Amino acid sequence: MSRSRKRGLLVSLSGLPGVGKSSIASVLAAEIAAIWLRIDSIENAIRASGVVDDDMKDAGYRAAYAVAADNLALGHRVIADCVNPWMLTRDAWREVAHTADAELLEVEIICTDRDAHRQRVETRRMVSDGCAGPTWQEVVARDYRPWTRPVPVVETAGRKVCDCAADIRHMLAL
């Protein structure tokens, strides 16, 4: 009996905290039946375990890469929801997809309305998983580097989350 190999799909989101990645990822995951890997949730769980101190280094990303690889190998759709600030982390997601022989869509999420972005960060900071998220100063000072290859960009300023998720769904032709 021959078995056809199922091919997974990885959607790798990047963008500064507060631009709308998690809001978009949660809607998109529900719409396309994908597994949502939220780095904030993973890192908060690792922190709560007491195994590591506040400096996560790359523990959350490594855990997410492993869980994504397992699910992609099963043919699942996976959404990676993390800042992805450097080409190093972006390339690591690319390698996860390549190793699993999965399709990959990389998308940068931005919010060009500085006031709206700041309000999101400051509002979210109070309710995010019981852990204080970054301050606005920490967000604007973050070492977030430009992409060195072209990727689609989704602008969230003044837009509904469902419309931003629809943009990505259209990129996927789903």
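Below, the structure is looked at part by part. (Residues numbered from 1 in each chain as written. Predicted model: local features only at pLDDT ≥ 70, side-chain atom pairs only at ≥ 80, totals over all residues. Heavy atoms only, no water.)

Concerning the overall build of the protein chain
Rules: Note on conventions: DSSP H or I runs of at least 4 residues are helices, E runs of at least 2 residues are strands, and numbering of each starts at the N terminus. In this treatment the radius of gyration is a C-alpha quantity, and the globule benchmark scales as 2.2 Å times the residue count to the 0.38 power. Burial here depends on accessible area, computed with a 1.4 Å probe over protein chains only, as a share of the maximum for the residue type. Under 20% is buried, over 50% is exposed, and the range in between is partly exposed.
Across its full length, the protein chain holds seven helices and five strands. Traced from its N-terminal end to its C-terminal end, the protein chain shows the element sequence β-α-β-α-α-β-α-β-α-α-β-α. The C-alpha atoms of the protein chain give 16 Å as radius of gyration, which agrees with the globular expectation for 174 residues (16 Å, within 12%). Taken over the C-alpha atoms alone, the protein chain extends approximately 60 × 40 × 30 Å along its principal axes. Buried positions account for 41% of the 174 residues belonging to the protein chain.

Overview of the pattern of salt bridges
Note the following rule: What counts as a salt bridge is simple: a side-chain nitrogen of Lys or Arg found within 4 Å of a carboxyl oxygen of Asp or Glu.
Applying the stated rule across the entire model yields ten salt bridges. With a closest N to O distance of 2.4 Å, Arg 169 and Glu 31 form a salt bridge. Of the two residues, Arg 169 sits in helix 7 (residues 161-171) while Glu 31 sits in helix 1 (residues 21-32), which places them 138 residues apart along the sequence. Here Arg 94 ties to Glu 106 by a salt bridge, and the two come within 2.9 Å at their closest N and O atoms. Residue Arg 94 is found in helix 4 (residues 87-99), and its partner Glu 106 is found in strand 4 (residues 103-110); the two are separated by twelve residues along the sequence. On the accessibility criterion, Glu 106 (8% relative accessible area) is buried. In the salt-bridge network here, residues are joined through shared partners; they are Asp 91, Arg 94, Glu 106 and Arg 149.

Description of the side chain of Arg 149
Our working rule: In what follows, residue pairs with any heavy atoms lying within 4.5 Å of each other are defined as contacts.
Mapped onto the fold, Arg 149 is located in the loop between helix 6 (136-141) and strand 5 (153-155). Non-local contacts of Arg 149, meaning those with residues more than four positions away in its chain, are made with Met 87, Arg 90, Asp 91, Arg 94 and Glu 106.

Re the sheet that holds strand 3 (residues 77-81)
Whether parallel or antiparallel, the strands of a sheet pair through hydrogen bonds between backbone atoms. Going by this rule: Strands are treated as partners if at least two bridges between them are detected by DSSP. Helix axes are fitted only over the stretch in contact, all axes being lines through C-alpha atoms; the angle between N-to-C directions runs from 0 to 180 degrees.
Spatially, the five strands line up as an open sheet ordered 2-3-1-4-5, and their pairing is parallel. If you trace the sheet from one side to the other, it starts and ends with strand 2 (35-38) and strand 5, each paired once. Sheet twist, expressed as the average angle between the axes of neighbouring strands with direction ignored, equals 20°. In the sheet, strand 1 (residues 9-14) pairs with strand 4 via six bridges, with the strands oriented parallel. By the bridge assignment, Ser 12 is partnered in strand 4 with Glu 106. Along the sheet face, helix 3 (residues 59-73) touches strand 1, strand 2 and strand 3 and points at about 170° away from the line of strand 2.

Description of the side chain of Glu 106
Just so we agree on the cut-off: Two N or O atoms count as a polar contact when they lie within 3.5 Å, although within protein this holds only if one can serve as hydrogen donor and the other as acceptor, and sequence-adjacent residues are included solely when both atoms are side-chain atoms.
Within the structure, the side chain of Glu 106 is placed 2.9 Å from the side chain of Arg 94, a separation counted as a polar contact. Within the structure, Glu 106 has its side chain in polar contact with the side chain of Arg 149 (distance 2.8 Å).

Section: the environment of Met 171
The topology assignment puts Met 171 in helix 7. In this structure the C-alpha to C-alpha distance between Met 171 and Pro 152, which are 19 residues apart in sequence, comes to 8.6 Å. Once residues within four sequence positions are removed from consideration, Met 171 is found in contact with Leu 105, Val 107, Pro 152 and Val 154.

Let's talk about the layout of surface pockets
Any empty space left between atoms is shown by rolling a water-sized probe over those atoms. Rules: The rule is simple: put a 1 Å grid over the protein atoms alone, call a set of points where a 1.4 Å probe fits but cannot get out a cavity, call an open set with protein on both sides within 12 Å along at least five of seven lines a pocket, and count a residue as lining if it has an atom within 4 Å of a point. Grid points are joined across faces, edges and corners, and a volume is the space filled by probe spheres set on the points. All amino acids are sorted into three groups, where Ala, Val, Leu, Ile, Met, Phe, Trp, Tyr, Cys and Pro are nonpolar, Asp, Glu, Lys and Arg are charged, and the leftover types, Gly among them, are polar.
If you add up the space inside the largest pocket, you get close to 1300 Å³. In terms of lining, the largest pocket is formed by 45 residues, of which the most central are Pro 17, Asp 40, Glu 43, Val 83 and Arg 142. The set of elements that each furnish at least two residues to the lining of the largest pocket consists of helix 1, helix 2 (39-49), helix 3, helix 4, helix 5 (114-127), helix 6 and helix 7. Residue contributions to the lining of the largest pocket peak at five residues, all from helix 2. In terms of residue class, the lining of the largest pocket is made up of 19 nonpolar, nine polar and 17 charged.

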